[in-house]
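Examining the three-dimensional arrangement
The primary structure of each chain is shown beneath.
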Amino acid sequence: MTVVQLGEHAPAVSVPLPDAAGRALAASRIVDAAPDPYRPGNWTLRAGSKVGVVALPVPGWDPVTLRITPKVSIARLFFLIGYSLDPRGWREGRVEVGDHREVLPALAHAVERQVDRALGQGLLQGYRAVEDSALVVRGRIREAEQVRRRFGAALPVEIAYDEFTTDIAENRILRAAVERLLRLPAVPGDVRRRVLHQRARLAEVSPLVRGRELPVWHATRLNSRYHQALRLARVVLDGSSPEHTAGGLQIDGFLFNMNKLFEDFVTIALREAFRGTDHACRLQDPQHLDEAGEIRMRPDLVLYGPDGAPRAVADAKYKAEKSDGYPDADLYQMLAYCTALGLPEGHLVYARGNAPHTAHRVRHAGIVIHQHALDLDRPPGDLLAEVRSLARQMLSGVTS
């Protein structure tokens, strides 16, 4: 097996790869991939903001496994995930990642531990709506179906009833998640054995049909022991898992998009910071730049006042400040948001920077665009305190 190790946003590396594998990686856009002009048979690979692991079986060549490690620690990565999933139920260390230093092993460990905790008192049971044909009446008769399918015959009877069973949405989602983990590369043997044990505990639950939407579940007191496991299961099953054909090869694995993860963390943490005030947040709020409503925009967060009018706008950017500053395009984008919303100030929030805060006043407009930098290497409590400080700055602009 050929294992290629890359770091998030690290310099490009040149590795020997068959052309089929290089073309597949280039087509997938998981990493930037191009033939090395100076070393025939090599491809230069550079990771962006996606971290995790993917595998490519290459005919006539050893399988290729690509591992991309994040810049932040694994523990910090899973803090961002855990808080974004459940900010009010978050506690430091709630998402257990063991001693693993790579993304997928840590994820598999965390999911298995949460599933084990969820199933510790046995499988959850609940009512499931069932439609069936039977020789005896149970529940209610589906009269329209009886007429359509039976043409007046008395038996069998088309019925509908609620069945008390373990074959419910919560258990089906957990089964799908552990099965997905078992198909992924680079899950350590000891973790895989524990995941197989959880799969056996869920053996009587119906499997989900791949490609279909996940069944809906609702957080209640009765399923509270499942909440953390279900939220992590959704991480495993969401669209960030590449499982497709690119360049003629099947690519399988699991990736986190750090851009999306940072955006989720910032907007949810800000929403929590504004909780209890007389202001309301809308995330990914649809707006239009022009009066005709043809130029669409979607700021990450818009803060509305008690009267329902916009009061502040923020956008999260997972970018590092370079020697010449942040990209100007971010400023133009925020200027458009402020102009369309009629706001005097806007806030750009970055993952890291040389200074915690800078501000730019736009000529002839009077609009001030703030650039904030969060230090993701700080302890979780300190990081959340930074977000609360940012929220206070946004409110001070509203009230000033």
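What counts, and at which threshold
Residues numbered from 1 in each chain as written. Predicted model: local features only at pLDDT ≥ 70, side-chain atom pairs only at ≥ 80, totals over all residues. Heavy atoms only, no water. Pairing = 2+ DSSP bridges. Helix = DSSP H or I, 4+ residues; strand = E, 2+ residues; numbered from the N terminus. Axes fitted to C-alpha atoms, helices over the stretch in contact; angles between N-to-C directions. Buried < 20%, exposed > 50% of the residue type's maximum accessible area, 1.4 Å probe, protein only. Contact = heavy atoms within 4.5 Å. pLDDT = per-residue confidence, 0-100. Expected span 1.5 Å × (residues − 1). Salt bridge = Lys/Arg side-chain N within 4 Å of Asp/Glu carboxyl O. Phe/Tyr/Trp six-rings, centres within 6.5 Å; stacked < 30°, edge-to-face > 60°.

1. Here's the deal with the sheet that holds strand β2 (residues 13-16)
The sheet built from three strands is open, its strands ordered β2-β4-β3 with antiparallel pairing. Either end of the sheet is taken by a strand with one partner, and the two such strands are β2 and β3 (31-35). The sheet shows a mean angle of 30° between the axes of neighbouring strands, taken without regard to direction. As defined by bridge partners, β2 adjoins strand β4 (residues 42-47) across four bridges and the pair is classed as antiparallel. When the bridges of β4 are listed, V13 appears paired with L45.

2. Regarding the environment of K71
Looking at the element boundaries, K71 is found in the loop between β6 (64-69) and α2 (74-85). On the accessibility criterion, K71 (47% relative accessible area) is partly exposed. Sequence spacing of K71 and D377 is 306 residues, and the spatial spacing of their C-alpha atoms is 9.5 Å. Setting aside its immediate chain neighbours within four residues, K71 contacts E8, H9 and R352.

3. Section: the pairing of β3
Bridging between β3 and β4 involves five bridges; their strand directions are antiparallel. If you follow D32 over to β4, its bridge partner there is R46. Once β3 ends, the chain turns through six residues before running back antiparallel as β4, passing G41 with a positive phi of about 90°.

4. Remarks on the confidence of the model for the chain
Taken as a whole, the chain shows an average pLDDT of 87; of its residues, 88% reach a score of 70 or greater. Taken element by element, the predicted model of the chain shows its lowest mean pLDDT in strand β10 (residues 243-246) (55) and its highest in strand β15 (residues 301-304) (97).

5. Concerning helix α5 (residues 169-183)
Compared with an ideal rise of 1.5 Å per residue, which puts 15 residues at 21 Å, α5 spans 21 Å between its outermost C-alpha atoms and is within 8% of the ideal. Judged by how many residues are buried, α5 sits mostly within the fold: 12 of 15 residues are covered. All buried positions along α5 are accounted for by A169, E170, N171, I173, L174, R175, A176, A177, V178, E179, R180 and L181.

6. Thoughts on the pattern of salt bridges
On inspection of all chains with the given rule, the structure shows 14 salt bridges. The salt bridge partner of R378 is D382, with a shortest N-O separation of 3.8 Å. Judged by its relative accessible area of 32%, R378 falls in the partly exposed class. For D382, a relative accessible area of 34% puts it in the partly exposed group. Via salt bridges that share partners, E112, R113, D116, R194 and R201 belong to a single interconnected network.

7. A few points about the packing of aromatic side chains
Counted according to the given criterion, the structure contains six aromatic pairs. Relative to F256, the ring of F78 has its centre 6.2 Å away and its plane inclined at 90°; by these criteria the two rings are edge-to-face. Residue F78 is located in helix α2, and its partner F256 is located in strand β11 (residues 249-257); the two are separated by 178 residues in the primary sequence. In this structure F78 comes out as buried when scored by relative accessible area, which is 2%. For F256, a relative accessible area of 7% gives the class buried. Between Y83 and F265, the aromatic rings sit 5.7 Å apart at their centres with planes inclined by 65°, giving edge-to-face as the arrangement.

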